[in-house]
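# Chains, contacts and geometry: an overview
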Amino acid sequence: MNTGGIKIILMFSFPSCCDCLAHICRRKKELKARTVWLGCPEKCEEKYPKNSIKNQKYNIFTFVPGVLYQQFKFFLNLYFLVVACSQFVPSLKIGYLYTYWAPLGFVLAVTMVREAVDEVRRCQRDKEMNSQLYSKLTVRGKIQVKSSDIQVGDMIIVEKVKLATAIFLLCVCVCVRVCVSASSGSCFIRTDQLDGETDWKLKVAVGCTQRLPADLFSISAYVYAQKPQLDIHSFEGNFTREDADPQIHESLSIENTLWASTVVASGTVIGVVIYTGKETRSVLNTSYAKNKVGLLDLELNRLTKALFLAQVVLSVVMVALQGFVGPWFRNLFRFVVLFSYIIPISLRVNLDMGKSAYGWMIMKDENIPGTVVRTSTIPEELGRLVYLLTDKTGTLTQNEMVFKRLHLGTVSYGMDTMDEIQSHIIQSYSQTQSAGPKVRKSVSSRIHEAVKAIALCHNVTPVYESHASVNGETESAEADQDFSDDNRTYQASSPDEVALVRWTESVGLTLVNRDLTSLQLKTPSGQILSFYILQIFPFTSESKRMGIIVREESTGDITFYMKGADVAMASIVQYNDWLEEECGNMAREGLRTLVVAKKSLSEEQYQDFENRYNQAKLSIHDRALKVAAVVESLEREMELLCLTGVEDQLQADVRPTLELLRNAGIKIWMLTGDKLETATCIAKSSHLVSRNQDIHVFKPVSNRGEAHLELNAFRRKHDCALVISGDSLEVCLRYYEHEFVELACQCPAVVCCRCSPTQKAQIVRLLQQHTANRTCAIGDGGNDVSMIQAADCGIGIEGKEGKQASLAADFSITQFKHIGRLLMVHGRNSYKRSAALGQFVMHRGMIISTMQAVFSSVFYFASVPLYQGFLMVGYATIYTMFPVFSLVLDQDVKPEMALLYPELYKDLTKGRSLSFKTFLIWVLISVYQGGILMYGAMVLFESEFVHVVAISFTALILTELLMVALTIRTWHWLMVVAEFFSLGCYLASLAFLNEYFDLSFITTWPFLWKVSAITLVSCLPLYIIKYLKRKFSPPSYSKLSS
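Residues numbered from 1 in each chain as written. Predicted model: local features only at pLDDT ≥ 70, side-chain atom pairs only at ≥ 80, totals over all residues. Heavy atoms only, no water.

### Notes on the overall build of the chain
Helix and strand counts for the chain stand at 33 helices and 35 strands. Burial analysis of the chain (1042 residues in total) assigns 57% to the buried set. A separation threshold of at least 6 residues defines the contact pool for the chain, and within that pool the share at least 24 residues apart is 74%. When the accessible area of the chain is evaluated, it comes to approximately 44,400 Å², of which 58% is carbon and sulfur surface. (Helix = DSSP H or I, 4+ residues; strand = E, 2+ residues; numbered from the N terminus. Buried < 20%, exposed > 50% of the residue type's maximum accessible area, 1.4 Å probe, protein only. Contact = heavy atoms within 4.5 Å. Areas by Shrake-Rupley, 256 points an atom, 1.4 Å probe, with all protein chains shown as cover.)

### Notes on the nonpolar core
In terms of nonpolar packing, the biggest core is built from 93 residues, with I795, F811, I819, L822 and L823 touching the most fellow members. With twelve residues, helix α24 (residues 818-858) is the single largest residue contributor to this core. Apart from the residues lying within four places of it in its own chain, the contact partners of L823 are L382, L385, L661, I666, I795, R828 and Y905. (Core = buried A, V, L, I, M, F, W, Y, C linked by side-chain atoms within 4.5 Å.)

### A word on the packing of aromatic side chains
By the definition in use, this model includes 24 aromatic pairs. When the ring of Y387 is compared with that of W669, the centres are 6.1 Å apart and the planes differ by 90°; the resulting orientation is edge-to-face. Highlighted residues: Y387 in strand β15 (residues 385-390) and W669 in strand β29 (residues 667-671), separated in sequence by 282 residues. For the residue pair Y387 and W669, the accessibility class agrees, reading buried in each case. For the ring pair F537 and F560, a centre distance of 5.8 Å and an interplane angle of 90° mean the geometry is edge-to-face. Here F560 lies in strand β26 (residues 558-564) and F537 lies in strand β24 (residues 528-537), a separation of 23 residues in the sequence. The pair formed by F537 and F560 is uniform in burial state, with each residue classed as buried. Grouping aromatic residues by their ring pairs yields a cluster made of F537, F560, Y606, F609 and Y613. (Phe/Tyr/Trp six-rings, centres within 6.5 Å; stacked < 30°, edge-to-face > 60°.)

### Some details on helix α15 (residues 603-618)
Between its terminal C-alpha atoms α15 stretches 23 Å, which fits the 22 Å expected from 16 residues at 1.5 Å a residue. Among the residues of α15, those classed as buried are Y606, F609, Y613 and A616. One face of α15 carries all of its buried residues, which in axial projection span an arc of 90°. For α15, exposure combined with an orientation more than 90 degrees from the buried face picks out E604, N611, Q615 and L618. Looking at the buried residues of α15, the elements they touch are β24, β25 (545-552), β26, β27 (592-601) and α16 (623-634). (Expected span 1.5 Å × (residues − 1). Arc of directions from axis to C-beta.)

### Things to note about the UniProt feature "active site" (unreviewed entry) in the chain
Residues annotated in UniProt with the feature "active site" (unreviewed entry) correspond here to D391. Among all residues touching D391, those that are not within four sequence positions of it are L396, L671, T672, K760, I778, G779, D780, D784 and M787. A polar contact is formed between the side chain of D391 and the side chain of K760, at a distance of 3.4 Å. (UniProt positions renumbered as here; feature names shortened; annotations may be inferred. Polar contact = N/O pair within 3.5 Å; in protein donor to acceptor, adjacent residues only side chain to side chain.)

### What about the packing of helix α2 (residues 63-72) against helix α4 (residues 98-130)?
Axis separation between α2 and α4 bottoms out at 11 Å; the angle between their running directions is 125°. Taken together, the axes of α2 and α4 are oblique relative to one another. Remark: the crossing between α2 and α4 carries right-handed chirality. In this structure, α2 contributes F63, V64, V67, L68, Q71 and F72 to the contact, and α4 contributes L108, T111, M112, E115 and A116. (Axes fitted to C-alpha atoms, helices over the stretch in contact; angles between N-to-C directions. Parallel < 35°, antiparallel > 145°, perpendicular 65-115°, else oblique. Left-handed = near helix turned anticlockwise from the far one by under 90°.)

### A few points about a nonpolar patch on the surface
A surface patch of nonpolar side chains, about 850 Å² in accessible area, is lined by Y96, Y98, F870, I878, F882, W973, L974, V977 and F981. Here the element with the most residues in the nonpolar patch is helix α31 (residues 973-989); it accounts for four residues. Secondary-structure assignment places F882 in helix α26 (residues 881-885). For F882, a relative accessible area of 36% translates into the label partly exposed. (Patch = residues over 30% accessible without salt bridge, like charges linked within 9 Å, V, L, I, M, F, W, Y side chains within 5 Å. Salt bridge = Lys/Arg side-chain N within 4 Å of Asp/Glu carboxyl O.)

### Description of the pairing of strand β34 (residues 793-797)
Counting buried residues along β34, five of its five residues qualify, which places the element largely inside the surrounding structure. Side chains of β34 alternate between two faces, with C793, I795 and I797 and G794 and G796 buried alike. Sheet topology note: the strand β33 (residues 774-779)/β34 ladder contains four bridges and is parallel. Within the sheet, the bridge partner assigned to C776 lies in β34 and is C793. (Pairing = 2+ DSSP bridges.)

### Comments concerning the sheet that holds strand β9 (residues 237-241)
On the basis of which strands lie adjacent, the open sheet formed by four strands has the order β1-β8-β9-β10 and antiparallel pairing. The outermost strands of the open sheet, each flanked by one partner alone, are β1 (34-37) and β10 (248-252). The average undirected angle you get between the axes of adjacent strands in this sheet is 20°. Both strand β8 (residues 221-225) and β9 contribute to a ladder of five bridges, which runs antiparallel. Its bridge partner being in β9, Y222 is matched across the sheet by T240.

### Quick word on unusual backbone geometry
Of note, the phi angle at D719 is positive, near 50°, even though the residue is not glycine. In this fold, D719 is placed in the loop between α19 (704-715) and β31 (720-725). Overall, the relative accessible area of 56% leaves D719 in the exposed class. A positive phi is found at R754, a non-glycine position, where the angle reads about 55°.

### Observations regarding the environment of S834
Position of S834 among the secondary structure elements: in helix α24. By relative accessible area, which is 1% here, S834 ends up buried. Taking C-alpha positions, S834 is 9.6 Å from Y358, a pair spaced 476 residues apart along the chain. When near neighbours in sequence (up to four residues on either side) are disregarded, S834 contacts L296, L351, Y358 and E380.

Right under this line is the structure:
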């Protein structure tokens, strides 16, 4: 048995080489209802999808065209492809072919290698998941099969803590644990990876198969199931056994199924596979992964278009000044090619390599161990986020309930005083055994009554691990009533209930056994108290309470116990003056409160109730209302016993992390599949909603009129958090999408509960459309995958329940608290560095284009290149590449400062580091420096043109190195190395550049002073301006640093 909790992701990602063509070419297969024969996949009428995971973007045929499409859909790369191709036309040829094709080929090679590495990693992860072994039942016995080989119709055995990989219908549920007897045919499953709900769900086997002998292949039976659909809360089908006389027909519902991405929590399940692969509910609710493009890339793409426009205008001006003589159209194109360096191809290379460097730095950060960068193209997005959409279960909380508080009205007990309760219980039961408690209202007896009520009023079942004998048969602990504490665990539909029963065990009153009609408690002295269960009234989201009527075996006393939410119980219990106040106090502490009450019934009272209750259950019309009315007749003037407080343990440092993100100007929305009360409680306890903030709970609405009224009521509220359910949200979005999103975006926090995976993704897309701000989604379960893929930046947490979210995400972290450093430090650095790097690379291209323009205008507007061959290649690579790329090591503030003052993050979201304003400043710098370098060289050169080239090019290299030094804010030793290495490379290469330079001239003093003078004039004013700006108008971060 696997006890490690294997998790399998079922996500299908179609090759996205060209989305529009793919959608045209691919005909969507129509989903149909099906007939599935037990254990006979060969009888299936149709071919069903393979039960395998596929996260790859490409296959062997679509990889090259797919990657090329993704590259050339950007204007920058497409532009360079056209320019490079133009060099094959003799009349348009400006320089050597390799000066155009080598950089372009290098860019494509780097991109393809990176994509290939990512694709191989995805393939390996998929292969690992598809190779998970499961037990399959065949005529010859049990065999092991890979999860990818599971077919519709197979009989699969799913053991405890093993994740389902397909959608099953439970045929037989044989529990090897004593949670239920084998004959009851039921088990619990966990669905938090599918719908986000923390409650365990009870699943029931098909009745007629549960009574069969061990061999399921001795019968001829089939299942008719509805077609695959999105709804995870419903299922319709029929089970038919043909070989019986007469034929046996049973209707099937959601309680007979086990969905993919759910975990069996108790027992062992044998199921027939109904849906596989992309027809499972979890995959149908998962959106396809899209190729994400960062906002910075889009901004740079816009700037390159502006540069291209400037390039065309400059070329037209040059041709116009020529007087449009001769083949002017050819000359125009030659000028366009000549000025093509205004848009540097190295921009793409530098940015891509920078992104890879940022990813490496994130993964090597010791403060956030285990962080993985899965999408290396969008690290800058981490520095531009405005909305963070987070899951609750497993992300903000650990889903581990701990009993924290017991309040009796006059006295309250916390974690540090639980030993007092234990001593009272021991004392109370020792008195009961001797003479019974004398004083009814003593503290000891009140504690005894409260603990007893909590130990009885629940739906918890104690489970005992079975001990396997040599021949593999299990010896049920239930058979010999071995109620030892060592191997007992509790199972229930709600973790709150388990926390309460565990607490009663810790104070001395232990639940040792339970079946459908009775339960047993063990006292501190070891005595077993037996109770008959007469009636159970389960918890519903409408009633918000649950009740139980029990008869004590030893005394025959009948007692009605009830517990529920304070809003439901306040009108049921006798008048008191403390309940409302204490509930408010506990809620502010983030505790989930339950009010516990009881009512003693005489035999006559109970018989009268039972008769009315049974009669109501038999009525044809308004059965539910009549049953509720009968139960409510009991729920009057009940004796208030206690108020309990249970805490859902938060993940480590959730509160300070949320506060950090709020101070950074990030708006946080919590999207969960859990109940409204639970979600509201966690929002308070995690300080997602601050203590002094009001909460507006959006009332359930079902039509346009109700939605209109509730939106108007909400509009009148100011600075309050919003809590809304998925159903109400759907109605609001159907009729008042714009108004709702506008109001919700003004809230400091929003909580959406009972959200389906599809709704989570829909909310992300709504925020993107209506606000145009960058969104981030974070989650840990399979139900968060759609949201993570839809967001501009998806972060997955490797939770206890597996890796569905982390594998689908762009960034994977191990704890929620790591998101603070990921955004404040790495997001900031990535964005700031890429903005500086991108603009500097463009400056490098604009300065040489300015020099070319000055040169052409002086020499009668000739379309002749200023620098040829290796000079141009060397300028873009070995001479300036390393210092420019070293900007990826720059930082404006230290990591500690960025975390201490998260308000600095707000400036990043405004996009001021890369805007048309900053771009214009760089254009002016480039024009100034290019003009000075070219005119200076032409004024100072003496006799030969080759001297102009030598002076201007050397001054250009020195200017670029000095400009890098001017741009750097925090020096790193590698930056110094890069500067001197590049300078050394240039000086060393001068010996081999006799084709371009006069070697006898460049070793003379006139050359040195002319180069120095031009370089000084081009750079010194900028250094002076920078000094004055930092002195009189320093940026916010420099004030903090000082």
